[in-house]
Amino acid sequence: MSISVTDFNFVTDLVRRESAIVLQPGKEYLVEARLAPLAKAAGMAKVGDFVRQVSLERDRKQCWAIVEALTTNETSWFRDASVYEGFRTELLPKLKAARRMHQPLRIWSAAASTGQEAYSLAMMLIDELEPGRRYEIVGTDISGDVLEQARAGRYSQLEMNRGLPARHLVRFFQRRGVHWEVTPELRRDVTFRELNLAAPFIGLPRFDVIFMRNVLIYFDQETKRSILRRVRQVMASDGWLILGTAETTRGIDDEYELVRMAGLSAYRLHSGASLPTRRG
Amino acid sequence: MHAIVIDDSSAMRMILRRIVSQFGFEVAEASNGREALEVLAASDTVPDVALVDWNMPEMNGLEFIQAVRADDRYSKLTLLMVTTESEQSQIVRALAAGAHEYLIKPFTPDAVAEKLELLGLTTAGV
Amino acid sequence: MSVETMVSLPSDVEMIEIVTQVWASFLDDELLPVFADAAGSTGNRLVAWVSISGEWTGHLQVTTTPGGARDITAGMFQLEAAEVETGEVADAIGEIANMIGGTVKGMVGASAALSLPQVVLDASALISPDAHEVVQVRFQWRGEPIEVSLWERRDSNGGGQR
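Residues numbered from 1 in each chain as written. Chains lettered and ligands numbered in written order. Predicted model: local features only at pLDDT ≥ 70, side-chain atom pairs only at ≥ 80, totals over all residues. Heavy atoms only, no water.

## Here we look at the pairing of strand 2 (residues 135-141) of chain A
All names here are of chain A.
Then, number 1: Of all seven residues in strand 2, six are buried; the element is thus mostly enclosed.
Then, number 2: For strand 1 (residues 105-109) and strand 2, the ladder comprises five bridges, and the chain directions are parallel. Among the inter-strand pairings, Arg106 is bridged to a residue of strand 2, identified as Glu136.
Then, number 3: Between the parallel pair strand 1 and strand 2, the chain is carried across by helix 6 (residues 116-128), and the sense of this crossover is right-handed. (Buried < 20%, exposed > 50% of the residue type's maximum accessible area, 1.4 Å probe, protein only. Helix = DSSP H or I, 4+ residues; strand = E, 2+ residues; numbered from the N terminus. Pairing = 2+ DSSP bridges. Right-handed = clockwise from strand over helix to strand, strands pointing away.)

What follows is the structure, encoded as structure tokens:
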């Protein structure tokens, strides 16, 4: 391992400042592994040398690349367990109470990538919803390529090892050669579409819960504002928006209010905001 | 926190020891299920987690798990199976025998970290 | 018993995927599949294999140069190449063969058993007169050749199909 205590501290401070995520001691291996490609791209064999250089030069792009490398974990199932737990224990009961049985719960996974978030939500809903209550999950992403994999629901052994409880693996997946595929039961009410968040949301229904985690960071202030404004238009009046743990609508859009629940922070429309209620 | 790594491959024991000790665990080792039971019986503290291979001589991982789950002394021991066995039916067998979680070889350190978090043995820092 | 059981052997693509995942987990992502015919192996090779026996019988073999084996061992155990000892090389390459073989075993039959790895540290060629090669894939890694092959016993009960 090439990173020193000083290097690790620089990285943890940087990550905490930029993303509010705390790297515990013991995660040195993670820093080493995740930053190795960045070091290599910078022409350095040792991660420690790379970190030292960044700490001296404080290049914005390199700093951000470090933060990204350590905080994005898109390919995990049930990423940020506390968010799923909060969704299960706090949001779902509210939604079940507020929706009649024949109204499917509509959920948007707005940075769906290869589909782990959408399918994780489906697994949770299959476990938690009463028989007779349906759901619809829409996963969108700007990239058609990643959506191909999401639609196929096909994952490598390494991808399957990432945060997926074994009981879900055996229930919701089938072996296909060296890969695993989602079962028809899991696939059934999950669809994927290409969508550029910066462009108009065409043909989206009104959603009860919108997961838009760690994707707004890629847009400038004006575009963030535009996205959040248009999100309000596809959100049920009593619906919820869930952002990444370090993200906020504050300073961008005042029509949302933050509600802190056990393990989960989510946004709903201000009670004063006038929007038509969801019809069926 | 204490862990025990049970695998007949010294290479695998070394790799798992390195990964798990980075999370702050003290790591004991055994090369098969019978030896592991001896290590457990001889120790004052019950480990928090056992990382258990399946195919081992003398007593394999499945038999070890069955033995541990039948013994009240080890009711708090979390059992993470780490093996090349990837058939669905095998995973079901392991869970039915009492394994709490299952990791298929090969695995990255991240994957081990996430399984330990899933099991509530470490807190998520990232 | 005259019923022929057809088992499903990994394709070349699947074998490449299996080996790539082992490398990605414990080493790095610099493993490159190569498709040109070998110019004929020269010099010493290190060979590790595991036997698979059950509905299908054969063995999975990993071959590389002493230099390649030393680098693999250093990477897996996070040592400097100069510190690597012979015993550790045998352990490391044996484990690589074990993991690849274990994954292949999962594909060829639920009731198959995997032997402990065997390693020959110094061979110019390994010939199995009672087996024939059914899958072979080659790689370059850090300038060293790595070859992974699957051999089927000639009298294997299950005829393998690809």
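## Focus: the interface of chain A and chain B
Then, number 1: With 29 residues of chain A at the contact, the number on the chain B side is 26 residues.
Then, number 2: Together, the buried faces of chain A and chain B total about 2,200 Å²; carbon and sulfur atoms form 53% of this surface.
Then, number 3: When residues of chain A are sorted by the area they lose upon contact with chain B, Tyr29(A), Asn161(A) and Val170(A) head the list and together hold 27% of the total.
Then, number 4: Seen at the junction of chain A and chain B, the total is three salt bridges.
Then, number 5: In this structure, the salt-bridge partner of Arg162(A) is Glu114(B), at a minimum N-O distance of 2.9 Å.
Then, number 6: The interface formed by chain A and chain B contains ten residue pairs in polar contact (both at pLDDT 80 or more).
Then, number 7: Going through the elements one at a time, helix 2 (28-41), helix 4 (60-71), helix 8 (157-160), helix 9 (166-172) and strand 4 (173-176) of chain A are the ones with two or more residues in the side of chain A that touches chain B.
Then, number 8: Ranked by the residues each element gives to the side of chain A that touches chain B, the list is headed by helix 9 of chain A, at four residues. (Contact = heavy atoms within 4.5 Å. Buried area = accessible area lost by both parts, 1.4 Å probe. Salt bridge = Lys/Arg side-chain N within 4 Å of Asp/Glu carboxyl O. Polar contact = N/O pair within 3.5 Å; in protein donor to acceptor, adjacent residues only side chain to side chain.)

## A short note on the interface of chain B and chain C
Then, number 1: At the interface, 17 residues of chain B touch 19 residues of chain C.
Then, number 2: Carbon and sulfur atoms supply 58% of the area buried between chain B and chain C, which totals about 1,500 Å² over both sides.
Then, number 3: On the chain B side of the contact with chain C, Arg18(B), Thr84(B) and Pro106(B) bury the most area, a combined 32% of that side's loss.
Then, number 4: Between chain B and chain C we count one salt bridge in total.
Then, number 5: Along the contact surface separating chain B from chain C lie four residue pairs in polar contact (both at pLDDT 80 or more).
Then, number 6: No other element matches helix 1 (residues 10-22) of chain B, which puts six residues into the side of chain B that touches chain C.
Then, number 7: The residue inventory of the side of chain B that touches chain C, partitioned by class, reads seven nonpolar, five polar and five charged. (Nonpolar A, V, L, I, M, F, W, Y, C, P; charged D, E, K, R; others polar.)

## Considering the domain arrangement of chain A
Then, number 1: Under the domain assignment, chain A is made up of domain 1 (5-71) and domain 2 (81-269).
Then, number 2: The gap between the C-alpha centroids of domain 1 of chain A and domain 2 of chain A is 29 Å. (Domains from an automatic or database assignment.)

## Concerning the packing of helix 2 of chain A against helix 3 (residues 47-57) of chain A
Residue and element names in this part refer to chain A.
Then, number 1: As a packed pair, helix 2 and helix 3 sit with axes 9 Å apart at the nearest point and diverge in direction by 75°. As far as their axial angle goes, helix 3 and helix 2 are roughly perpendicular. Residues Val31, Glu32, Leu35, Ala36, Leu38 and Ala39 of helix 2 lie in contact with helix 3, whose contacting residues are Val47, Phe50 and Val51.
Then, number 2: Residues of the contact of helix 2 with helix 3, tallied by class, amount to eight nonpolar, no polar and one charged. (Axes fitted to C-alpha atoms, helices over the stretch in contact; angles between N-to-C directions. Parallel < 35°, antiparallel > 145°, perpendicular 65-115°, else oblique.)

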